[in-house]
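Geometric and topological summary
Spelled out from the first residue to the last, the chains are:
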Amino acid sequence: MLANQLHKLLQEIQQAEVAYQRPPGSVQLLAVSKTKSTAEIAWAYQAGQRHFGENYCQEALIKQRALGAFDISWHFIGPIQSNKTKLLATKFAWVHTVDSLKIAQRLSAQRPASLPPLNICLQVNISGEASKAGISLDELPLLCAQVAGLANLKLRGVMAIPKPEDDFERQRLPYKQLFAAVAALDNPSLDTFSFGMSGDLQAAIAEGATIVRIGTALFGARG
Ligand SMILES: *Cc1c(COP(=O)(O)O)cnc(C)c1O
């Protein structure tokens, strides 16, 4: 059942790559497993999925302990509290939601020397919603430059959660804008666009997503 759903989703991603002239294999699936059980993660893993995204630190740690024998790459995609940066720096391969120099500095300082640099994305509040986390587009060049100097981080790109829209063209617009802003920085190490969830997967791939973060369309609705 879950294996079928995973297969269908990977097919959908492949078809979108073709439809929007994206290179084959350029879009990676991040399975968003928040609120889902370790058993469900294990099923997806057995069906071949390796990258999983979690929003809550404590919940993620419990699952990581239970699934310690699995070769999973854990991504943190939730809001960051500064008293949790040590756990994030120690237990994750990626953090998608960095939105201040202070948080980036803490993550770099707390990343254990025994681990490779922590992959990070800067979260950009592209729709300008006051309630949302993330920096503005204007702040992106400076924060990129500042974070690039931190020894134990590897700045990979940007992440966005635009305001939900039903219309396909409206879904594309914020991603197009952010993609252009990153392209203008002309920095080849910015190779990651963490764009798109279950509701706007196609629009995100059309506008350059390299990681799509999918929960509902893989695991079903959250309770
Ligand atoms: C929950 C969540 C997702 C997955 O959303 P779905 O609509 O269930 O695919 C993706 N990104 C973030 C940041 C999330 O919090």
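Since we're looking at a predicted model, the values are computed, not measured. (Residues numbered from 1 in each chain as written. Predicted model: local features only at pLDDT ≥ 70, side-chain atom pairs only at ≥ 80, totals over all residues. Heavy atoms only, no water.)

A few points about the site of the ligand
Stated formally: It suffices for a single heavy atom of a residue to lie within 4 Å of a molecule or strand for the residue to be listed as near it. Definition of a polar contact: a pair of N or O atoms within 3.5 Å, with one able to donate and the other able to accept a hydrogen when the atoms are protein atoms, and with sequence-neighbouring residues admitted only if both atoms are side-chain atoms. Method for areas: the Shrake-Rupley scheme with a 1.4 Å probe, in which residue coverage is limited to the protein chains shown. A 1.4 Å probe that fits but cannot get out identifies a cavity on a 1 Å grid over protein atoms alone, an open set with protein on both sides within 12 Å along at least five of seven lines counts as a pocket, and a residue lines either if it has an atom within 4 Å of a point. Molecule-in-pocket calls rest on the fraction of atoms, with more than half required to lie within 2 Å of the cavity or pocket grid points.
Neighbouring the ligand are 13 residues; Lys34, Asn55, Ser198, Thr216 and Arg222 lie closest to it. In this structure, Lys34 approaches the ligand through a side-chain N or O atom, which is 2.7 Å from an oxygen atom. At 2.7 Å from an oxygen atom of the ligand is found a side-chain nitrogen or oxygen belonging to Asn55. Burial of the ligand by the protein chains amounts to 90% of its free accessible area of 390 Å². Mapping the ligand onto the cavity grids shows that it belongs to the largest pocket.

Comments concerning the pairing of strand E8 (residues 211-214)
Within a regular beta strand, the side chains point alternately toward one face of the sheet and then the other, so they alternate between its two faces. Spelled out, the test is: Here the term buried applies to any residue with accessible area under 20% of the maximum for its type, exposed to any over 50%, and partly exposed to those in between, with areas from a 1.4 Å probe on protein chains only. Helix numbers and strand numbers start at the N terminus; a helix is a DSSP run of H or I with at least 4 residues, a strand a run of E with at least 2. Any two strands between which DSSP finds at least two bridges are classified as paired.
Neither face of E8 is open: one carries Ile211 and Arg213, the other Val212 and Ile214, and all of them are buried. As judged from the 4 bridges shared by strand E1 (residues 28-32) and E8, these two strands associate in the parallel manner. Counterpart to Leu30 in the pairing with E8 is Arg213.

Points about helix H3 (residues 57-66)
To be explicit about the condition: Note on contacts: a residue pair qualifies if any of its non-hydrogen atoms lie within 4.5 Å across the two residues.
Listed as buried for H3 are Cys57, Glu59, Ala60, Leu61, Lys63 and Gln64. On its buried side, H3 packs onto helix H2 (38-46), strand E2 (51-54), strand E3 (73-76) and helix H4 (85-91).

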